Structures are given as structure tokens and as C-alpha cells.
Amino acid sequence: MARVLPDKKKLQNYLRGAAEEAEPAPPRCRHFGECGGCEFQDRSYAAQLDLKRRALAFVAETILSEIESAGGGTERQNAERLADALASVDPEMIPSPSPFGYRQRMDYVYAFGKAGLRRAQRRWQVTALRECPLLGDAGFAVFQAALELAGRRRIPGYDYMRHEGELRYFVVRRSRAGGIMLSLVTKTLDRRGDVLAILSELLDRGMIVSGHWLHAPGLGDVSFGARVEHVGEPLIYENMNDVRLGIGPNSFFQANPAVAEMAYAKMAEFARSGGEALDMYSGVGSIALTVSRNGVSALAVENQPENLAIAGENIRINSAANVELIAADAVEFLLERAERGGKAPGTIIVNPPRPGVTEKGMEAIRRIGQERLAYLSCNPFTLLRDMAKILDAYSLRSLALYDMFPQTRHFETLALFSRR
Ligand SMILES: C[S@@+](CC[C@H](N)C(=O)[O-])C[C@H]1O[C@@H](n2cnc3c(N)ncnc32)[C@H](O)[C@@H]1O
């Protein structure tokens, strides 16, 4: 039997082949080729955007043949509707204003005496980094200084193959306004004095405004953890579309704020036509707060406790009396709304993690039947699969590819729908 490749692998293989033909450009970073952080640095930015446009078309072809081969009458109809919808729009390409230095966050792993990123093609190995043009100089300097201090204090990295050692990750987050947060993620609680001394030293030097110690005792390779202690400010702040957003050490926050801001503004404009907005999978409340700036009331639904706490704080600091926060599983919430019945005016906005909204959630959205639906996705496979489920009830109005991740194969897609 032929082996079925996972979606990620199919797209990776397709793009590898397509990239060979794409316009070359000199790579900017000395680690390009070995480091797994960037794949397309040796291609011009225009060529990278074209690769992503083709990636979306490749995903569409893959999903269409997957749905058709599922066989039944409903699947065939879904596939036809999806093909028609995709043929009816020309995806808009939204480039990143900066193809380098755009990242809000980098997670540098520390293992086998090396600190940096996983190697390309050899994900179990680490490339020790001396530069990283994705993050920007001030953030990278924090990582280098923290590594040097950890070395002086003889805190070992964490060998994730043998599960031995201590310091797993240096996570650097920065806001465009200049605040930098460093989180040190450790396996145990044994090195309290050393961890806090490193964070305090960087705070005293003025290199960071916020330093967190996070505890991740499990076997999983994770760059987040339980908050143990912090020095300086508990949060850093990003301003997007006149909304002030606090970011914590475990918060979800879009990797490229300059591009995210454009996607948020587009959704806010879309939701402006009336009724309330439901911001599903709301993180720290970024979309609900942007929407509310236009006088639209919003419900923000999220299930991760730290995101919820910070979303509450973000609502408060923005004096957004028209945003209500709900701690719930997004699909459960949608199902409960669908049960209640009655078509509501307004907009549903979904921005789910990689597995998408799922069949159950999309069915609930169909049943709720709000006038508009905006779906922002980091995974075009699940976006198109989910989309195919509702095209009998909604028409696709536009599709835009937001390049939040230059130099890599990743991108975000925003699909806007209106009820038929
Ligand atoms: C892709 S992020 C989007 C966050 C936000 N819209 C933004 O732009 O920053 C997905 C969010 O969904 C949350 N999440 C994941 N599964 C969820 C679920 N079942 N119910 C509610 N929220 C969920 C995650 O904690 C995360 O904050």
C-alpha cells in the first residue's frame, strides 16, 4: 500500500521542488543552509511570495482531490462548491513590510552544549547561532548575553534525547515599541539563584524590561511552562491599530505584528457592517479589541487561562466596555449558540490553531448562520477542509494570503464569507 504523506510533508516536498526554479538572492545569514529557521533566504522576496501563492493553489488541488476521492454525493457537491468558490476569487498577496527582523518572538533551544535553532533536515540536532536576522539585533543580543551568563554559572542545557540537564529554552519576545521579555525555561526548580541572577543582571543592564522563569518538568520538548517568578514588568506591550496589547510569557501572539495588524484591520472593517462580532479562539483579545474600536460589540472566546487573564487586562487598559470575555472551549460555545437558534446579525471571526475549527464547529457555524464569517488560518489545509463544509450556506467573498513568515514556507490566509 502506498504511504500517505502528512499534509505538511506534501507541501514541503512541493515547495522544495518549486523553489529550485525560483529567482535566487544572496542569503543574508551565515547560518543559512545549516539552520532550520529559514528555508528560502537564498530566493528573492518576490519569488518567495510567488512560491506561497503557488503553495495555496497546491493545497487547493490536494484538498479537492481528497474530498472527491472520499466518494459520496455530498462530498462531490462539497468539492464542486469549493472548486467554484476558489475559481471565483483571486487571492490577494499581502507582503511583510520587513522581510527580516519581523519576528515578535524566537524560541532558542539549548542542548548538547549549543544554543540556537534546530538544524535543517536534522531536527534532532542544534545549530549554534551567532546571528539571527529574523529577530532583530536587540533581541538577539539578549539571547547571546543570557547564554553567556548561563555558561558562566555552569547551567547546562537540556539534552532532549536523553532527558538530562536543566535549561531548555531562551525565549525572547520583543514589542515594536522596544520592550524585550526574556523567559528561561528550566526542567527543574533547582537553580533558582542562578536563573534569577541572570534575569536580574539583564534587567539591570537595561537589556530587558521583563524576565520570566518558566518551569517545564515533563518529557515533552516545550518552550513554555508554569510561571515561577519574574523580575521587572510581568508583561510587555504591543500597539496595534491603536489597541494596546499586553503579552505574557506563555501568551499566544502573532509572530509578525506588522502583518497581523493589517489582517486585524481588514477583519474589523468587514465586521463593521453591523451586529455583534464573535471572536473565537481570541488569544489575548487582539481581534475583539480591534473590532470594538469601530463601535462593534464583541464576545471574545478563549480557553487558555494565561491568555484569558491577559485578555481581561487588555480589555481593562483599553477601556473596552463593549468587549465581553468568555472562558470556554470554542466548539462547545458554538454548539451552545447553535442550539439556542435564531439567526443573529453580525460576524463570526475564527482564528483557530493548526487543527482548524473541525467538522463539528463548522456545522455549528452553519447553524448559527450569522451574516458574515471571517476565517484567519495558519494552516491552509484545515482552512480549505473547513471551508468546504459551509459553502452551501456561505459564499466566499475574498481570499488573502498574509506573509507573516518571510524566509520560511509558512503563511496565514484570511477568507471572508457572507451568508447566501
Ligand atoms: C491562532 S491563536 C489566535 C489568537 C488570536 N486570535 C490572535 O490573533 O492573537 C489560537 C488561540 O486559540 C486558543 N485555543 C486553542 N484551542 C481552543 C479551544 N478549543 N477553545 C478556545 N480557544 C482555543 C489558543 O489558546 C490560542 O490563543
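From a predicted model like this one, the values you see are computed outputs, not experimental measurements.

K.L.:
Pulling in residues and values, what's your account of the packing of helix 3 (residues 73-87) against helix 11 (residues 380-388)?
P.N.:
It is the contact of helix 3 with helix 11, at a shortest axis distance of 9 Å, that shows an interaxial angle of 115°. Two packed elements cross with a definite hand, and for helix 3 against helix 11 that hand is right-handed. In this structure, helix 3 uses Asn78, Leu82 and Leu86 to contact helix 11, whose residues at the interface are Leu384, Met387 and Ala388. For the contact of helix 3 with helix 11, the per-class residue count stands at five nonpolar, one polar and no charged.

K.L.:
Talk me through the state of the cysteines; I want residue IDs and the actual numbers.
P.N.:
Following the criterion strictly, the structure yields zero disulfides and no others. Looking at the unpaired Cys132, the closest cysteine sulfur is the one in Cys35, lying at 6.7 Å. Cys132 sits in the buried class, given a relative accessible area of 9%.

K.L.:
Break down the sheet that holds strand 15 (residues 323-327) for me, with residues and values.
P.N.:
The pairing of strands in a sheet comes from backbone hydrogen bonds and takes either a parallel or an antiparallel form. One open sheet accounts for eight strands, arranged 1-18-19-17-16-13-14-15; its pairing is mixed. This sheet does not close on itself; its edge strands, each paired only once, are strand 1 (92-94) and strand 15. Sheet twist, expressed as the average angle between the axes of neighbouring strands with direction ignored, equals 20°. The sheet contact formed by strand 18 (residues 394-402) and strand 19 (residues 412-419) spans eight bridges and is antiparallel. Looking at the pairing, Leu399 lines up with Ala415 of strand 19.

K.L.:
Explain the nonpolar core residue by residue, including any values.
P.N.:
Tyr108, Phe170, Leu182, Leu202 and Met267 are the most contacted members of the largest nonpolar core, which has 74 residues in total. Among the elements that make up this core, the one with the highest residue count is helix 6 (residues 257-271) (eight residues). Counting only domains with at least three residues in this core, you end up with domain 2 (105-239) and domain 3 (240-419). In this structure, Tyr108 is in contact with Gly116, Leu117, Leu129, Cys132, Leu135, Phe140, Phe143, Arg168, Tyr169, Phe170 and Val172, ignoring residues within four places of it in sequence. With 56 residues, the next largest nonpolar core counts Leu64, Val331, Leu334 and Ala415 among its residues.

K.L.:
If you had to explain the site of the ligand to someone new, which residues and values would you point to?
P.N.:
Near the ligand lie 18 residues; those nearest to it are Gln254, Tyr264, Glu302, Asp329 and Ala330. Side-chain polar atom of Asn307 to an oxygen atom of the ligand: 3.1 Å apart, as the coordinates give it. At a separation of 2.9 Å, a nitrogen atom of the ligand approaches a polar side-chain atom of Asp329. By residue class, the composition of the shell around the ligand is eight nonpolar, eight polar and two charged.

Quick notes on the rules
Residues numbered from 1 in each chain as written. Predicted model: local features only at pLDDT ≥ 70, side-chain atom pairs only at ≥ 80, totals over all residues. Heavy atoms only, no water. Axes fitted to C-alpha atoms, helices over the stretch in contact; angles between N-to-C directions. Helix = DSSP H or I, 4+ residues; strand = E, 2+ residues; numbered from the N terminus. Left-handed = near helix turned anticlockwise from the far one by under 90°. Contact = heavy atoms within 4.5 Å. Nonpolar A, V, L, I, M, F, W, Y, C, P; charged D, E, K, R; others polar. Disulfide = S-S within 2.5 Å. Buried < 20%, exposed > 50% of the residue type's maximum accessible area, 1.4 Å probe, protein only. Pairing = 2+ DSSP bridges. Core = buried A, V, L, I, M, F, W, Y, C linked by side-chain atoms within 4.5 Å. Domains from an automatic or database assignment. Near = heavy atom within 4 Å. Polar contact = N/O pair within 3.5 Å; in protein donor to acceptor, adjacent residues only side chain to side chain.

The values are spatial; any link to function lies outside them.
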